[in-house]
Number of protein chains: 2
Amino acid sequence: MIRILVADDHPIVRAGLVALLEAESDLEVIGTATTGVEAVEIALAERPDVVLMDLRMPELDGDAATAEIRAVAPEVKVVILTTYESDDAILAGVEAGASGYLLKAAPEQELLAGVRAVAAGEVALAPRVAAMLVTRVSRPATPPVALSPRELEVLRLVADGLSNRAIGERLFVGESTVKTHLLHVFTKLEVTDRTRAVTRAMELGIL
Amino acid sequence: MIRILVADDHPIVRAGLVALLEAESDLEVIGTATTGVEAVEIALAERPDVVLMDLRMPELDGDAATAEIRAVAPEVKVVILTTYESDDAILAGVEAGASGYLLKAAPEQELLAGVRAVAAGEVALAPRVAAMLVTRVSRPATPPVALSPRELEVLRLVADGLSNRAIGERLFVGESTVKTHLLHVFTKLEVTDRTRAVTRAMELGIL
DNA sequence: GCGCGTATCCACCGACCGGTGGATACCGCA
DNA sequence: TGCGGTATCCACCGGTCGGTGGATACGCGC
């Protein structure tokens, strides 16, 4: 039996979800919450298998509630359930630790399958969310910049927090040489300091 | 009609895939490749809608071939198709720009659905791959460190490449003050320089 | 061979950063 | 009311970084 907590501030939606879930023999709604704070309280007290969480809720939004639950009770899985949100909002939900992200517009069977998948330790993603995750991790097609092997080597050590002197010692060259490589990196990445160079390189996926 | 290129160094697998795909009325295999280099050549010459790409191939592995194709012809979608690989290998495929990642063990219908989804501009992910993407972007449950609002503000500006002086001006405080905040950040993140602080903060998901 | 570009190396200067030491103010708790 | 913890602020020193200028070597095309 999969124990479920339903968190949504719309009574209609709550009722619909509860009816849908209770009709299944292997699913059991152990509680409902109307705010983010309430969702966290019940989740921590009852430790359901799955929390069906709306993103927009009073007091504490779904992201924050998800993060709080996961911080204390990581074994409680959270499925974000929403009508439609911006890319950032969706990614925030996943980053907060949600194991699933479904749209309310999804067919009922898909929703039930999602809940069961998450309870089984898998993930449930709406196609749109999956596409966003892929683009998030995929590197830009053509690296707009080409660092020389030596420059890349130096930049990696800079990212590890080594000083120019320390980098020089590790590469058996003078400190000045390291600086020169770094300056070339700055030019190619169009930045003026080592810190921004590292973040730029990460944005460009070359680190 | 969806035009497909099959790239795999095993003749048996190639034959099986071609037979499966050609049996569908809306799918058409326009060529086969046995090495990564060959796959890139044919993909760029024929511009198929979808490339079914094995990860392990002679001369050029699937990741590299995918990246090359995507760099020149981003409209050609690539589906990585493999038996089983390590987490790193799978993520590398997605990072290289693959739109799909399926397992050869998947049911035939799932494979066909994946090809059609990718051709339609969506993504096709095996459950295992989806789970990996989620854990990749999700932040650690409990942020092991808690920066003060001011410290976080300063660190963000540091990540943008601003000097301490420039940060001070933007926040209407002295340069020394900025340094103090930064030193507190260093202590909390257990680092000794601004660059490593930024990378650590990114690792910890607090930036 | 000769020129051109690139990668790799180094020294010197001024400005900036990392570290120490200390001040003030707020908050919760006894 | 006092007391400890935290957040916020600042000045001064020595080491480091960012920038300029220049050297050597390799590959490539004519």
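Residues numbered from 1 in each chain as written. Chains lettered and ligands numbered in written order. Predicted model: local features only at pLDDT ≥ 70, side-chain atom pairs only at ≥ 80, totals over all residues. Heavy atoms only, no water.

Observations regarding the protein's contact with DNA strand D
At step 1: Neighbouring residues of DNA strand D: 20 residues in total, closest K179(A), S148(B), G174(B), T177(B) and T180(B).
At step 2: The contact in question runs from a phosphate oxygen of DNA strand D to an N or O atom on the backbone of N164(A), over 2.9 Å.
At step 3: Sorting elements by how many residues they give to the surface near DNA strand D places helix α9 (residues 175–189) of chain B first, with six residues.
At step 4: Looking at side-chain class alone, the surface near DNA strand D contains three nonpolar, ten polar and seven charged residues. (Near = heavy atom within 4 Å. Polar contact = N/O pair within 3.5 Å; in protein donor to acceptor, adjacent residues only side chain to side chain. Helix = DSSP H or I, 4+ residues; strand = E, 2+ residues; numbered from the N terminus. Nonpolar A, V, L, I, M, F, W, Y, C, P; charged D, E, K, R; others polar.)

A short note on the packing of helix α7 (residues 149–159) of chain B against helix α8 (residues 164–171) of chain B
Residues and elements named next belong to chain B.
At step 1: At their nearest, the axes of α7 and α8 sit 10 Å apart, and the two run at 130° to each other. Judged by the inter-axis angle, α7 sits oblique to α8. For the crossing formed where α7 meets α8, the hand is right-handed. Contact with α7, carried on its side by R150, E153, V154, L157 and V158, involves I167, R170 and L171 of α8 and no other residues of that element. (Axes fitted to C-alpha atoms, helices over the stretch in contact; angles between N-to-C directions. Parallel < 35°, antiparallel > 145°, perpendicular 65-115°, else oblique. Left-handed = near helix turned anticlockwise from the far one by under 90°. Contact = heavy atoms within 4.5 Å.)

Let's talk about the relation of the copies chain A and chain B
At step 1: With an RMSD of 0.4 Å, the fit of chain A onto chain B corresponds to turning through 180° and sliding 0.3 Å along the axis. The transformation relating the two chain copies, once decomposed into turn and shift, fits a two-fold axis. Distance from the rotation axis, computed per C-alpha, reaches its smallest value in chain A at T195(A): 2.4 Å.
At step 2: A shared binding surface is used by both copies, with 100% of the interface residues of chain A retained as interface residues in chain B. (Least-squares fit on C-alpha atoms with pLDDT ≥ 70 in both.)

Examining unusual backbone geometry
All names here are of chain B.
At step 1: Even without being glycine, E59 reaches a positive phi, approximately 75°.
At step 2: Along the polypeptide, E59 turns up in the loop between β3 (50–54) and α3 (62–72).
At step 3: Residue E59 is classed as exposed on the basis of its relative accessible area, which comes to 63%.
At step 4: Even without being a glycine, E190 presents a positive backbone phi close to 60°.
At step 5: Tracing the sequence through the fold places E190 in the loop between α9 and α10 (194–203). (Buried < 20%, exposed > 50% of the residue type's maximum accessible area, 1.4 Å probe, protein only.)

Notes on the environment of G16(A)
Residue and element names in this part refer to chain A.
At step 1: Among the structural elements, G16 can be located in helix α1 (residues 11–22).
At step 2: Taking the relative accessible area as the measure of exposure, G16 reaches 38% and is therefore partly exposed.
At step 3: Taking C-alpha positions, G16 is 13 Å from P107, a pair spaced 91 residues apart along the chain.

Details of the sheet that holds β3(B)
Residue and element names in this part refer to chain B.
At step 1: One open sheet accounts for six strands, arranged β2-β1-β3-β4-β5-β6; its pairing is parallel. The open sheet has two edge strands with one neighbour each: β2 (27–33) and β6 (124–125).
At step 2: Pairing of β3 with strand β4 (residues 77–82), which is carried by five bridges, proceeds in the parallel orientation. Each bridged residue has a counterpart across the sheet, and for D54 the counterpart in β4 is L81. (Pairing = 2+ DSSP bridges.)

Considering the nonpolar core
At step 1: Ranked by size, the top nonpolar core spans 65 residues in total, and within it M53(A), Y101(A), L125(A), L133(A) and M53(B) carry the most contacts.
At step 2: When residues no more than four places from it in sequence are discounted, the contact partners of M53(B) are A7(B), A39(B), G62(B), A65(B), T66(B), I69(B), V78(B), V79(B), I80(B) and L81(B).
At step 3: Grouped together as the second largest cluster of nonpolar side chains are 21 residues, L157(B), V185(B), A201(B) and L204(B) included. (Core = buried A, V, L, I, M, F, W, Y, C linked by side-chain atoms within 4.5 Å.)

Some points on the packing of helix α1 (residues 11–22) of chain B against helix α5 (residues 108–119) of chain B
Residue and element names in this part refer to chain B.
At step 1: As a packed pair, α1 and α5 sit with axes 11 Å apart at the nearest point and diverge in direction by 70°. Classified by the interaxial angle, the pair formed by α1 and α5 is roughly perpendicular. In this structure, α1 uses L17, L20 and L21 to contact α5, whose residues at the interface are E108, L111 and L112.
At step 2: Considering only residue class, the contact of α1 with α5 consists of five nonpolar, no polar and one charged.

Considerations on the interface of chain A and chain B
At step 1: Each side of the interface is counted separately: chain A has 32 residues, and chain B has 32 residues.
At step 2: Around 2700 Å² of area is buried between chain A and chain B when both sides are counted, 64% of it from carbon and sulfur atoms.
At step 3: Sorting the residues of chain A by area buried against chain B places E95(A), V137(A) and T195(A) first, and these three jointly supply 20% of that buried surface.
At step 4: Applying the counting rule to chain A against chain B returns four residue pairs in polar contact (both at pLDDT 80 or more).
At step 5: Put simply, the parts of the chain that give the side of chain A that touches chain B at least two residues each are α3 (62–72), α4 (87–95), α6 (127–137), α7 (149–159) and α10 (194–203) of chain A.
At step 6: Tallied by class, the residues present in the side of chain A that touches chain B amount to 18 nonpolar, six polar and eight charged. (Buried area = accessible area lost by both parts, 1.4 Å probe.)

Considerations on a nonpolar patch on the surface
At step 1: On the surface, M202(A), L207(A), M202(B) and L207(B) cluster together into a nonpolar patch covering about 290 Å² of accessible area.
At step 2: Its location among the elements puts M202(A) in helix α10.
At step 3: By relative accessible area, which is 35% here, M202(A) ends up partly exposed. (Patch = residues over 30% accessible without salt bridge, like charges linked within 9 Å, V, L, I, M, F, W, Y side chains within 5 Å. Areas by Shrake-Rupley, 256 points an atom, 1.4 Å probe, with all protein chains shown as cover. Salt bridge = Lys/Arg side-chain N within 4 Å of Asp/Glu carboxyl O.)

Some remarks on the pairing of strand β3 (residues 50–54) of chain A
Residue and element names in this part refer to chain A.
At step 1: For β3, the buried fraction is high: five of the five residues fall into the buried class.
At step 2: Residues V50, L52 and D54 of β3 are buried on one face, and the alternating residues V51 and M53, pointing to the opposite face, are buried as well.
At step 3: One ladder, built from four bridges, connects strand β1 (residues 2–7) with β3; its direction is parallel. Residue pairing in the sheet places V6 in a bridge with L52 of β3.

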